[in-house]
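So you can see what is in the structure, the chains are spelled out below.
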Amino acid sequence: MSISKSNKLAIVLVTSLFFFWGFVHNLDPILIPHLRNAFSLTHLQASLVDSAVFIAYFLLAIPAGIIMKKYGYKSGILIGLILFAVGCFLFIPAANQISYVFFLGALFIVACGLTILETAANPYVTVLGDPSKATQRLNFAQSFNGLAAFIAPILGGKFILAEQPKSDKEIAAMTEQVKIAYIQAETATVKGPYLILGLIILIVAAILFFTKLPDIKDDEGEQKSGFFHAFRHLNVRWAVIGQFFYVGAQVCVLSFMVLYATDVAGMSPLNASKYASFAGLAFMLGRFVGTFFMKYIKPLTLLMIYSVICILLSFIVIYGSGEVTVYALIAVAFFMSIMFPTIFAVGVEGIGADTKSASSLIIMSIVGGAALPPILGLISDKTGDLQLGYWVPLICFVVVLLFALANRKSNNQIVNSTHE
């Protein structure tokens, strides 16, 4: 099936958006240790950065779907971009107020925009072009999310992280006036990067506003059925469960990367940010390699293989020592890279008029990124061992394996899919 010129342009423009939301997500691994140091937070308190982001996916996914059903994919994308930019600009008053809660609020607004953006962009990519190539197309688009995962820690580490941050003891020994000045200096470093990002997002929104994108029409059935009607499909039910646990695992692996490298391997925060960038590079390469392998291996079969590998690597992350554990975590990033787009594409495969509703439900399940990292943080705080917290992502990869097995048995393969 050939793709029209308008669809090709739409795919190119929408694919670029995957880079931007990937970029802001992958600044979180830099923000977590930075704010943890500035505000002297526990692992659990620092994990609230992820909770503030991913709780938005639970709260905004259905409203995002309503926007799409009523106004179309393009409107959803534009609204998402505007909220994204507003959240970025809120980092400036958050830094001025030196308030951790204000930072969490700004992150929540950013995430509200990302929720609407992802709810629109992910299914839009799957329905543009040849249905049999939907999984490959979404994996390719998500590869630019991986590119952002490589670049964001490098830039974030350079412009946000201090080379030699003060220890908790040094901060505790400061007078109140000196401590406030130190926190003010630390939080001020986030202003520039988020201001620039917000301005770029507004420019992208303006370009998309004046660009004609093809509108994918829905049949009458979607207008009459509710959101939860999509749960009648087995693949949708499994995708909601699988995505909840997968995103929880991804956030645990990538967001805690800098903390893990400093606590377990004894690296400096700045050096650890470089390893976080390597994890982002592995994540990006994993998606490109996975997209290539899907030409020869069925998506769910590849997902099953990669899940088993991630489970085995997680044991090294938990029970290993030294730098080898960091390398194992980077390898996990490589092999988990295809999981989100594959689970998503399987979840919306062959369901026709329920596609937008299913997209909302699957995006809503990204709340796993808010629910599971605090469990990792709590286990780490209670045991005094950050590595033991990585039982959380290990269990998540077991659930992803079950997802692959269940959908493979039902022969629910993308290669045989049909779309509206």
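The structure presented is a predicted model; accordingly, all values stated were derived computationally and were not measured.

1. So, empty space enclosed by the protein
Going through the model one piece at a time under the given rule, you end up with 5 cavities of 30 Å³ or more. Space inside the largest cavity adds up to approximately 170 Å³. Forming the boundary of the largest cavity are 15 residues, of which His25, Glu118, Asn145, Gln250 and Phe340 lie nearest the centre. Among the elements of the structure, α1 (5-25), α4 (48-71), α8 (134-159), α13 (234-255) and α15 (269-293) are those that each provide at least two residues to the lining of the largest cavity. Top element by residues in the lining of the largest cavity is α13. It accounts for 3 residues. The residue makeup of the lining of the largest cavity, split by class, is 8 nonpolar, 5 polar and 2 charged. If you add up the space inside the second largest cavity, you get close to 90 Å³.

2. Overview of a nonpolar patch on the surface
A cluster of nonpolar residues, Phe315, Tyr319, Trp391 and Ile395, forms a patch on the protein surface that exposes about 400 Å² of accessible area. Of all the elements in the fold, those that place two or more residues in the nonpolar patch are α16 (299-319) and α22 (391-409). Within the secondary structure, Trp391 sits in helix α22.

3. Topic: the packing of aromatic side chains
Applying the stated criterion across every chain yields a total of 25 aromatic pairs. Relative to Tyr124, the ring of Tyr73 has its centre 4.7 Å away and its plane inclined at 20°; by these criteria the two rings are stacked. Taken together, the positions of Tyr73 in helix α5 (residues 73-89) and Tyr124 in helix α7 (residues 100-127) put the pair 51 residues apart, joining distant regions of the chain. For the residue pair Tyr73 and Tyr124, the accessibility class agrees, reading buried in each case. Ring geometry for Phe140 and Phe288: centres 6.0 Å apart, planes at 70°, overall edge-to-face. Of this pair, Phe140 sits in helix α8 while Phe288 sits in helix α15, and the two are 148 residues apart along the sequence. The structure contains a cluster of three or more aromatic residues connected by ring pairs, namely Phe39, Phe91, Tyr100, Phe103 and Tyr194.

4. Description of unusual backbone geometry
Positive phi outside glycine occurs at Ile98, with the angle close to 40°. Of note, Ile98 is situated in the loop between α6 (91-97) and α7.

5. Describing the layout of surface pockets
Each pocket or cavity is described by its volume, and for the second largest pocket that value is around 250 Å³. Along the wall of the second largest pocket there are 14 residues; nearest its centre are Phe23, Leu155, Pro193, Ile196 and Leu197. Elements with a minimum of two residues in the lining of the second largest pocket: α1, α8 and α11 (191-209). The dominant element in the lining of the second largest pocket, judged by the number of residues it contributes, is α11, at 5 residues. The residue makeup of the lining of the second largest pocket, split by class, is 12 nonpolar, 2 polar and no charged.

6. Considering the confidence of the model for the protein chain
Averaged over the protein chain, the pLDDT score is 84; the fraction of residues at 70 or greater is 90%. The low-confidence segment residues 219-223, where pLDDT is below 50, has 9 contacts with residues more than four positions distant or belonging to other chains. For the stretch residues 411-420, pLDDT sits under 50, and the model shows 37 contacts to residues farther than four places along the chain or on other chains.

7. Observations concerning α7
Look at α7: 41 Å from first C-alpha to last across 28 residues, which is about the 40 Å you get at 1.5 Å a residue. Extensive coverage of α7 is indicated by the burial of 23 of its 28 residues. One or two steps after α7, the chain reaches Gly129, where phi turns positive at roughly 100°.

Thresholds, definitions, all that
Residues numbered from 1 in each chain as written. Predicted model: local features only at pLDDT ≥ 70, side-chain atom pairs only at ≥ 80, totals over all residues. Heavy atoms only, no water. 1 Å grid on protein atoms, 1.4 Å probe; cavity = no way out; pocket = protein on both sides within 12 Å on 5 of 7 lines; lining within 4 Å. Points joined across faces, edges and corners; volume = space filled by probe spheres on them. Helix = DSSP H or I, 4+ residues; strand = E, 2+ residues; numbered from the N terminus. Nonpolar A, V, L, I, M, F, W, Y, C, P; charged D, E, K, R; others polar. Patch = residues over 30% accessible without salt bridge, like charges linked within 9 Å, V, L, I, M, F, W, Y side chains within 5 Å. Areas by Shrake-Rupley, 256 points an atom, 1.4 Å probe, with all protein chains shown as cover. Salt bridge = Lys/Arg side-chain N within 4 Å of Asp/Glu carboxyl O. Phe/Tyr/Trp six-rings, centres within 6.5 Å; stacked < 30°, edge-to-face > 60°. Buried < 20%, exposed > 50% of the residue type's maximum accessible area, 1.4 Å probe, protein only. pLDDT = per-residue confidence, 0-100. Contact = heavy atoms within 4.5 Å. Expected span 1.5 Å × (residues − 1).

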